[in-house]
Structures are given as structure tokens and as C-alpha cells.
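The chain contents come next:
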Amino acid sequence: MKYFTILFLLIISPLMVSAGDGSPSPDEALKIQEGVASYYGKGFHLRKTANGEIFNMMEMTAAHKNLPFGTMLKVTNLKNGKEVWVRINDRLPQTSRRIIDLSKGAAQELDMVQDGIVKVKLEVPDFETMAYLMEHYQGNKPQGLRLRMYESPIEIEFEKPDFSGLTLEINIESG
């Protein structure tokens with residue numbers, strides 16, 4: 001049995017797949033966009049949003065150019081590392097240079113009210129949401145969105161096992 005285990009390891013270990021540096025770091029795997037965020041409040045408070053809801057500037061909501069209504073996003077302020085979860089319920093104009101417009105409540109959580117605009121990273125909660133967005137856009141994803149399951153392609157390396165120096169000893173005992 002000992003020889004079988006050694007033989008098995010010699011043959012199988014070189015065939016194992018190596019993901020190398022191709023897989024994303026855990027904090028980048030669910031990132032879909034990075035750019036500038038702003039916030040809106042009093043001027044739109046208690047008015048209708050694009051999805052028909054009444055806007056409450058203190059709720060954790062946001063406007064995006066094209067993400068489906070109801071999409072949950074983690075927004076990270078890249079200046080200070082603070083994070084907030086928001087739900088998309090409104091639209092930004094397609095001509096906007098900003099990637100997201102946050103409610104005042106979300107902006108306060110990110111400590112960005114004083115700055116007005118900050119650089120942010122947008123992430124989805126899980127790979128199921130990423131898959132849903134990929135299906136939603138069906139290959140016509142909006143420019144600027146990163147919708148893929150991996151940061152970069154995974155490289156697969158196979159090595160041929162070298163059996164030239166291998167000797168195999170088989171002991172057969174008869175009973």
C-alpha cells in the first residue's frame with residue numbers, strides 16, 4: 001500500500017492545476033466599478049425617483065446610470081475606507097461623469113458630505129448577483145462596468161510527469 005501511495009503522488013501531483021496570480025484577491029472579486037460618487041438630498045427629498053418610490057434622503061439608496069432597480073451595492077470611500085450598503089432606486093443621467101449618486105444618509109455614513117464628491121469602489125454582495133447582472137445585460141454590458149467572475153484569466157499549467165528515474169517494486173506473496 002505504501003508503494004501505491006508514493007506512485008499515486010508521483011503521477012498525480014504534477015497534473016494538479018495551478019491558479020497562480022490569475023484569481024482575484026478576495027477584496028477585488030466582486031468589484032464592478034470604480035469612479036467618482038456624489039450625493040443628493042434636500043432638493044429631491046420626498047420627490048419621486050425613477051422607479052416610482054418617494055425619495056427619502058436619509059435612506060441608504062442611490063442613483064446609477066444603468067444597474068437594475070433593487071440592485072444592492074457596497075460602496076467604499078477610497079479616501080477613508082468607510083463602507084455603506086445601498087439599493088439602486090434612481091437613475092443618473094447618461095451624460096454624468098459620476099458613477100453613482102448617493103442619498104445624503106449614505107454620504108454621511110461614508111463621511112463624504114464635506115468633500116461633496118469622492119472616489120469610490122462599487123461591489124456586489126455575491127457571485128450570484130454578478131451572474132444575475134451578466135444575464136441581465138446578455139453581453140451588452142454598459143461601458144465602465146466590470147462584470148466577470150475573475151479579475152483576470154486563470155492560467156492553467158500542466159506538466160508531463162517524468163518517469164525516467166522511476167523504479168517500481170511489486171511484492172506478490174502467495175498464501
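Residues numbered from 1 in each chain as written. Predicted model: local features only at pLDDT ≥ 70, side-chain atom pairs only at ≥ 80, totals over all residues. Heavy atoms only, no water.

**With respect to a nonpolar patch on the surface**
Part 1 of the reasoning: The grouping of Leu-168, Ile-170 and Ile-172 at the surface amounts to a nonpolar patch, some 380 Å² of accessible area in total.
Part 2 of the reasoning: Looking at where Ile-172 falls in the secondary structure, it is placed in the segment after helix 3 (127-137). (Patch = residues over 30% accessible without salt bridge, like charges linked within 9 Å, V, L, I, M, F, W, Y side chains within 5 Å. Areas by Shrake-Rupley, 256 points an atom, 1.4 Å probe, with all protein chains shown as cover. Salt bridge = Lys/Arg side-chain N within 4 Å of Asp/Glu carboxyl O. Helix = DSSP H or I, 4+ residues; strand = E, 2+ residues; numbered from the N terminus.)

**A few points about the nonpolar core**
Part 1 of the reasoning: Counting 26 residues, the largest nonpolar core has Ile-32, Leu-73, Val-75, Val-86, Ile-100 and Leu-102 as its most contacted members.
Part 2 of the reasoning: Among the elements of the structure, strand 1 (31-40), strand 3 (72-77), strand 4 (83-91), strand 5 (100-103), helix 2 (104-109), strand 6 (118-123) and helix 3 are those that each provide at least two residues to this core.
Part 3 of the reasoning: Those residues in contact with Leu-102 that lie beyond four places of it in its chain are Ala-37, Ser-38, Tyr-39, Tyr-40, Thr-61, Ala-62, Val-75, Val-86, Ala-107, Leu-110 and Met-112. (Core = buried A, V, L, I, M, F, W, Y, C linked by side-chain atoms within 4.5 Å. Buried < 20%, exposed > 50% of the residue type's maximum accessible area, 1.4 Å probe, protein only. Contact = heavy atoms within 4.5 Å.)

**Considering the pairing of strand 6**
Part 1 of the reasoning: Of all 6 residues in strand 6, 5 are buried; the element is thus mostly enclosed.
Part 2 of the reasoning: Pairing geometry for strand 1 and strand 6, over 6 bridges, is antiparallel. By the bridge assignment for strand 6, Gln-33 is matched with Leu-122.
Part 3 of the reasoning: Bridging between strand 3 and strand 6 involves 4 bridges; their strand directions are antiparallel. Across the sheet, residue Val-75 finds its bridge partner in strand 6, namely Leu-122. (Pairing = 2+ DSSP bridges.)

**Let's talk about unusual backbone geometry**
Part 1 of the reasoning: A positive phi is found at Leu-46, a non-glycine position, where the angle reads about 70 degrees.
Part 2 of the reasoning: Within the secondary structure layout, Leu-46 lies in the loop between strand 1 and strand 2 (61-64).
Part 3 of the reasoning: One non-glycine residue, Asp-111, lies in the positive phi region at around 55 degrees.
Part 4 of the reasoning: Position of Asp-111 relative to the elements: it lies in the loop between helix 2 and strand 6.
Part 5 of the reasoning: A relative accessible area of 48% means that Asp-111 is categorised as partly exposed.

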